[in-house]
Amino acid sequence: MLILIAGPYRSGTGDDPKKMAENLKCLEEPSYALFKAGHLPMIGEWVALPVWHAAGGKSIGDDLYEEIFHPTAGRLLQLCEGVLRLPGDSKGADNDVRIARERGIPVWHRLEDVPGCA
């Protein structure tokens, strides 16, 4: 399955690039376990960041950022077959969960609950 890993990226960082990079590392942590279980992990920022940079993005939270980041996750959720929601406050990740549930996509809150990851 293509599984979106959702959790804090920008939330709680005060837009500090170092803290955001640390959050991205946390999002990436379960990716190998998902891959080993036969899944393809996906993180919205893996797609949104290069698109934002290519479009000329310069400031976290600018209009271009808002135009690209949350819609990217929405588009990915048209393709994903599951969502792994990691702990932590995140409006974006909460929105991903809402969209997934509306579309009937399973949402897991623990890696060990994802099929094949027990």
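As a reminder, the structure under discussion sits directly above these lines.
Cut-offs applied
Residues numbered from 1 in each chain as written. Predicted model: local features only at pLDDT ≥ 70, side-chain atom pairs only at ≥ 80, totals over all residues. Heavy atoms only, no water. Buried < 20%, exposed > 50% of the residue type's maximum accessible area, 1.4 Å probe, protein only. Helix = DSSP H or I, 4+ residues; strand = E, 2+ residues; numbered from the N terminus. Arc of directions from axis to C-beta. Contact = heavy atoms within 4.5 Å.

Engineer: Give a detailed account of helix H3 (residues 44-54), specifying residues and quantitative values.
Structural biologist: Residues Gly 44, Glu 45, Ala 48, Leu 49 and Trp 52 constitute the buried set of H3. Buried residues along H3 cover an arc of 110° about the axis, so they all sit on one side. Buried residues belonging to H3 abut strand S1 (2-6), helix H1 (17-28), strand S2 (40-42) and helix H4 (63-76). Looking one or two residues past H3, Gly 56 carries a phi angle of roughly 100°, positive in sign.

Engineer: Tell me about the environment of Val 114, and name the residues and values.
Structural biologist: Relative to the helices and strands, Val 114 is located in the segment after strand S4 (107-108). Put simply, Val 114 and Ile 3 are 111 residues apart on the chain and 9.4 Å apart in space, counted from C-alpha to C-alpha. Among residues more than four places away in sequence, those in contact with Val 114 are Ile 3, Leu 34, His 39, Leu 84 and Trp 108.

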